[in-house]
Amino acid sequence: MIQQQQTALFLALLMSVLALLSVAFAYQWQWLWAYKVLAFPGHLVLGFFSEEIDFWPKLALLTLSQFVSVYLSAICLLPLGKKLFTKLQTIIRK
């Protein structure tokens, strides 16, 4: 359980940093495809807010929602992936 939480925390931090980097690249060099793909979980939450909010609160909302959504999805999906992996190992070994 502790290792699962550490893995989820690592994935959430990694995806949050990647989202921040993609924001920086999109802001500087118009590299929009990576921004849309890497920051997708954060964009789901930003859809609830209007376009008129300032940049810094929007960036904070994007980063926080990116972290929380990746962390929660990793907590939910890691046990499922582990069960699937063990089932596949038993099928392959037979």
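Caption draft 1: Looking closely at helix α4 (residues 55-93). The terminal C-alpha atoms of α4, which comprises 39 residues, lie 54 Å apart, in line with the 57 Å expected from a rise of 1.5 Å per residue. The largest bend along α4 reaches roughly 30° and is located at L77, with the proline P79 sitting one to four residues downstream. On its buried face, α4 is in contact with α1 (2-29), α2 (32-38) and α3 (40-46).

Caption draft 2: The arrangement of a nonpolar patch on the surface in detail. Together, V17, L21, F25 and W29 make up a nonpolar patch on the protein surface, roughly 410 Å² of accessible area in all. Mapped onto the secondary structure, F25 falls in helix α1.

Caption draft 3: Representation of the nonpolar core in the model. Core analysis: the biggest nonpolar cluster contains eight residues, these being A19, V23, A26, Y35, A39, L46, L59 and L62. When contributions to this core are tallied by element, the ones reaching two or more residues are α1 and α4. Residues in contact with A39, not counting those within four places in the same chain, are A19, S22, A34, L62 and Q66.

Caption draft 4: Layout of α1. Between its first and last C-alpha atoms α1 spans 40 Å; for 28 residues at 1.5 Å apiece the expected length is 40 Å, and the two agree. Inspection of α1 places Q4, A8, A12, S16, A19, S22, V23 and A26 among the buried residues, and these make up the whole buried set. Packed against the buried residues of α1 are α2 and α4. Q30 occupies a position one or two residues after α1 and carries a positive phi of about 55°.

About the thresholds
Residues numbered from 1 in each chain as written. Predicted model: local features only at pLDDT ≥ 70, side-chain atom pairs only at ≥ 80, totals over all residues. Heavy atoms only, no water. Helix = DSSP H or I, 4+ residues; strand = E, 2+ residues; numbered from the N terminus. Expected span 1.5 Å × (residues − 1). Bend = angle between axes of the 7 residues up to and from the residue. Contact = heavy atoms within 4.5 Å. Patch = residues over 30% accessible without salt bridge, like charges linked within 9 Å, V, L, I, M, F, W, Y side chains within 5 Å. Areas by Shrake-Rupley, 256 points an atom, 1.4 Å probe, with all protein chains shown as cover. Salt bridge = Lys/Arg side-chain N within 4 Å of Asp/Glu carboxyl O. Core = buried A, V, L, I, M, F, W, Y, C linked by side-chain atoms within 4.5 Å. Buried < 20%, exposed > 50% of the residue type's maximum accessible area, 1.4 Å probe, protein only.

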